[in-house]
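These are the residues of each chain, in order.
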Amino acid sequence: MTTTNGRLGQPWEPSVTTWPTEGEAGFEESPGISPFPPIAEYGFLSDCEVAALVANSGNVEWMCLPRMDSPSVFGAVLDRGAGGFRLGPADMSVPAARRYLPGTNVLETSWGTNGGWIIVRDALLIGPWHHDDKIASGHRRAPTDYEAEHILLRTVRCVNGEVQLVLDCEPAFDYGRRRARWRYSEHGYHQGVASADGLDVEIRLTSDMRLGFEGPRASARTLIKQGEFRFCALSWGDYDPPLSYDDAYGRLVWTAHHWQHWLARGRFPDHRWRSYLERSALTLKGLTYANTGAVVAAATTSLPETPRGERNWDYRYSWIRDSSLTLWGLYTLGYDWEANDYFYFMADIAERDPVLQIVYGIEGEKDLEERVLEHLSGYDGARPVRIGNGAYNQRQHDVWGAVIESVYLYAKTRDHLPERWWPIIRRLVERALEHWREPDCGMWEVRGEPQHFTTSKLMCWVAVDRGARLARLREDWETARRWQSDADEIHADICAHGTDERGVFVQHYGSKTLDASVLLMVLLRFLPPDDPRIRATVLAVDDVLTVDGLVLRYKTDETDDGLHGHEGAFVMCSFWLVSALSEIGEHQRARQLCEKLLSFASPLGLYAEEIEPSSGRHLGNFPQAFTHLALINAVMHVIEAEQAVQKAVRPTPERLVF
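Basis of the calculations
- Residues numbered from 1 in each chain as written.
- Predicted model: local features only at pLDDT ≥ 70, side-chain atom pairs only at ≥ 80, totals over all residues.
- Heavy atoms only, no water.
- Helix = DSSP H or I, 4+ residues; strand = E, 2+ residues; numbered from the N terminus.
- Rg over C-alpha atoms; globule rule 2.2 N^0.38 Å.
- Buried < 20%, exposed > 50% of the residue type's maximum accessible area, 1.4 Å probe, protein only.
- Contact = heavy atoms within 4.5 Å.
- Areas by Shrake-Rupley, 256 points an atom, 1.4 Å probe, with all protein chains shown as cover.
- Lys, Arg positive; Asp, Glu negative; His and termini not counted.
- Charge placed at Lys NZ, Arg CZ, Asp CG, Glu CD.
- Pairing = 2+ DSSP bridges.
- Salt bridge = Lys/Arg side-chain N within 4 Å of Asp/Glu carboxyl O.
- Expected span 1.5 Å × (residues − 1).
- Phe/Tyr/Trp six-rings, centres within 6.5 Å; stacked < 30°, edge-to-face > 60°.
- Core = buried A, V, L, I, M, F, W, Y, C linked by side-chain atoms within 4.5 Å.
- Polar contact = N/O pair within 3.5 Å; in protein donor to acceptor, adjacent residues only side chain to side chain.

Colleague: Even after reading the chapter, I still don't get the overall build of the protein, so can you show me in this structure?
Modeller: Scanning the protein from N- to C-terminus turns up 14 helices and 27 strands. Since a compact globule built from 658 residues should have a radius of gyration of about 26 Å, the 25 Å found for the protein is in line with a globular shape. C-alpha atoms of the protein, sized along the principal axes, occupy 75 × 65 × 55 Å. Every one of the 658 residues in the protein was classed for burial, and the buried ones make up 64%. Taking as baseline every contact in the protein between residues at least 6 positions apart, the subset at least 24 positions apart corresponds to 66%. Total accessible area on the protein stands at roughly 25,200 Å², and carbon and sulfur atoms take up 49% of it. Taken together, the 69 basic and 93 acidic charged side chains of the protein have centroids lying 2 Å from each other.

Colleague: Sorry if this is basic, but what is going on with the pairing of strand β11 (residues 181-185) here?
Modeller: Walk down a regular strand and you will see the side chains alternate between the two sheet faces. Across five bridges, the pairing between β11 and strand β12 (residues 188-195) is antiparallel. If you follow Trp-182 over to β12, its bridge partner there is Ala-194. What sits between β11 and β12 in their antiparallel hairpin is a turn of two residues.

Colleague: What should I look at first to understand the pattern of salt bridges in this one?
Modeller: Between side chains of opposite charge, a pair can form when the charged atoms approach closely. Summed over the entire model, instances satisfying the criterion amount to 43 salt bridges. Put simply, Arg-617 and Glu-612 hold a salt bridge, and the shortest N to O gap is 2.7 Å. Note on Arg-617: relative accessible area 38%, which makes it partly exposed. When its relative accessible area of 16% is taken as the criterion, Glu-612 is described as buried.

Colleague: Would you mind going over the sheet that holds strand β25 (residues 569-570) with me for this structure?
Modeller: Two strands in a sheet stick together by hydrogen bonds in their backbones, pointing the same way (parallel) or opposite ways (antiparallel). If you trace the three strands from one edge of the open sheet to the other, you get β25-β26-β27, paired in antiparallel fashion. At either margin of the open sheet sits one strand with a lone partner, and together these are β25 and β27 (618-619). Note that strand β26 (residues 610-611) and β27 share two bridges and pair antiparallel. The partner of Glu-610 across the bridge, within β27, is Leu-619.

Colleague: Mind showing me how you'd approach the environment of Pro-89 here?
Modeller: For Pro-89, the position within the fold is in strand β5 (residues 84-89). Among the residues examined, Pro-89 registers a relative accessible area of 0% and is labelled buried. Once residues lying within four places of it in the same chain are set aside, the contact partners of Pro-89 are Trp-111, Thr-113, Ile-118, Val-163, Gln-164 and Val-166.

Colleague: Please explain helix α8 (residues 454-473) as it appears in this structure.
Modeller: Every α-helix winds through 3.6 residues per turn, so residues three or four apart in the chain are directed the same way. Between its first and last C-alpha, α8 extends 28 Å over 20 residues, near the 28 Å set by a 1.5 Å rise per residue. Taken across its 20 residues, α8 has 17 buried, putting it largely inside the fold. Downstream of α8 by a residue or two, Glu-475 has a phi angle that is positive, lying close to 60°.

Colleague: Any chance you could explain the packing of aromatic side chains here in plain terms?
Modeller: Pairs of aromatic rings are described using the distance from one ring centre to the other and the angle between the two planes. Scanning all chains against the criterion turns up 20 aromatic pairs. Ring centres 5.5 Å apart and planes at 20° place the aromatic pair Trp-182 and Phe-213 in the stacked group. Placement of Trp-182 in strand β11 and of Phe-213 in strand β14 (residues 212-214) is noted, with a sequence separation of 31 residues between them. Judged by relative accessible area, which is 10%, Trp-182 ranks as buried. Phe-213 gets classed as partly exposed once you look at its relative accessible area, which sits at 25%. Look at Tyr-342 and Phe-345: their rings are 6.2 Å apart centre to centre, the planes differ by 15°, and that puts the pair in the stacked class. Of this pair, Tyr-342 and Phe-345 both sit in helix α5 (residues 336-352), three residues apart, which is roughly one turn of the helix. Take Phe-345: its relative accessible area is 1%, and that puts it in the buried class.

Colleague: Got a minute to help me understand the nonpolar core in this structure?
Modeller: One recurring pattern in soluble globular proteins is that nonpolar side chains are buried together. Residues Met-63, Phe-85, Leu-167, Leu-205, Trp-421 and Trp-576 are the most contacted members of the largest nonpolar core, which totals 206 residues. Top element by residues in this core is helix α14 (residues 625-648). It accounts for 11 residues. In this view, Trp-576 contacts Leu-325, Met-443, Trp-444, Ala-516, Ser-517, Leu-519, Leu-520, Leu-523, Phe-626 and Ala-630; residues no more than four positions away in its chain are not counted. Counting 13 residues, the second largest nonpolar core, distinct from the first, contains Leu-101, Leu-125, Ile-151 and Phe-231.

Colleague: Got a minute to help me understand helix α11 (residues 532-544) in this structure?
Modeller: Its 13 residues give α11 an end-to-end C-alpha distance of 18 Å, which sits within 8% of 18 Å, the value for a rise of 1.5 Å per residue. The inward-facing, buried residues of α11 abut α10 (520-523), β23 (546-547), β24 (550-551), α12 (571-583) and α13 (587-599). N-capping of α11 is provided by Asp-531, with a side-chain oxygen placed 2.8 Å from the backbone N of Arg-533.

This is the structure we're talking about:
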């Protein structure tokens, strides 16, 4: 077995490592100390156009330009030689503490060395709207008072003693396939420009430190003393970077205040779990692409669901199935503007495409051809590294229900349905009625044989049932009656064929396999929460489909998903179980599970897609939007149950205890 041959500061060639995957000869369950940081230790930055991951060491290990789904410029999270940007002490890689500035997506890292203390703050800058004289390319939603400045800013303050500070910036363009070529600009030693042959992307590194170039790397080194400040800014696009610390600090403050003002618009309960809701809201906003309103599933590609395994996917796209849960979360917390932007992103697509895909690019792109980057070693040897996502051309029957449920949620907030949407609704309902009897790949996008998945039938029922409700809202009584009759037929079919002899809803017709997706039945009001089949299903998932209390989406040895190996517990499904337990009246179990899940949050309050039950480590792409959406729903369920109990047993004056 070979190792990757790249190290920041050394000439780098794309690695050609071939790592064995789980089940193959040469695979080691415990390969030893990994050069890759744990997924949960990354900090997440965003300006709602670009995202970045910052490791504990102060190294920016993932950033794509000029969009979230563009090729990476820093890709060390997928190969230690694929580019990074470190700022920190010369002789230390583990900080004393990290946090977000309260109410922001500004990351603060504190370093204590033998000589002194420094504080580093990192942010993707957001500033006032400045496209007054020209149209911002690709910006379709109504412009606000702010926009991304296309600058990654890093500031340093020495609070005690003195510290040797180092800067190492080694971009590797096009997912590490193109080495950077540096040159000085008109600002001399204080600004370098990096480019690569054949690429349009060009980045500028500006600093009050003096920069030098060593092949593809720009570096700086200085002794910073108590009371002194330094900054560096990596910029792209047409917005001028700061040329002084005072300018840099002013922009950092503007960005921090922007996030705090945005957060203040939300509605958050006065509860001990408020901070989890706020961090989830900030993360969801950071995963939103401002130009179109699309919400990406995650900021990364190919972070593994199985350690060193093959379950590695590109999640930098917008899944239509996430739409209704996204709107649930945003409307619940009072972010109607963001919910509406996302709604109209879907409206544009549904109006344009007679046949809906399950997933689209963040500007509505249809072709997401899946490819493998053979030159990257993968996170901790997990291969293949994929870009694009082959799910875009799968048959998945849940898509119509997800869209129409979203329309229904939107209409409920306004008591009317935009006329533009009615032809779209008719088309989607008719598609659901045309195909609901057919097998598909299911909401988990299995790559095995299509099945009659229960949740796919459920979402077809949602499409027709909500379509009938929207028809009644328009007072189209004939259409409402016809669709309601069709919805009742689907409902009866699911009840007849989607359960086993226990009265438990199963993964697909004719099976006895459990699947966490059936928890959506209670959340989508398929049956009342007190229905014996709903209660039996929720308790069966809790008893059978959990490992150490965490929910598997299904058992991989019982499901033909076309892949090898096992996967971790899906955090989203675990939060669904919290909501479902609360719905059926199991409030104590719901609260206990919710407390357990919240304890698994990363040190910065973030979640990946999965958690390994035996160790608690995070697996999969990071941070994961669907996980944070499910967290919001679950936490609000528990809080509302607590509030209901408190009102019922509100103490009278003679029972008050001080």
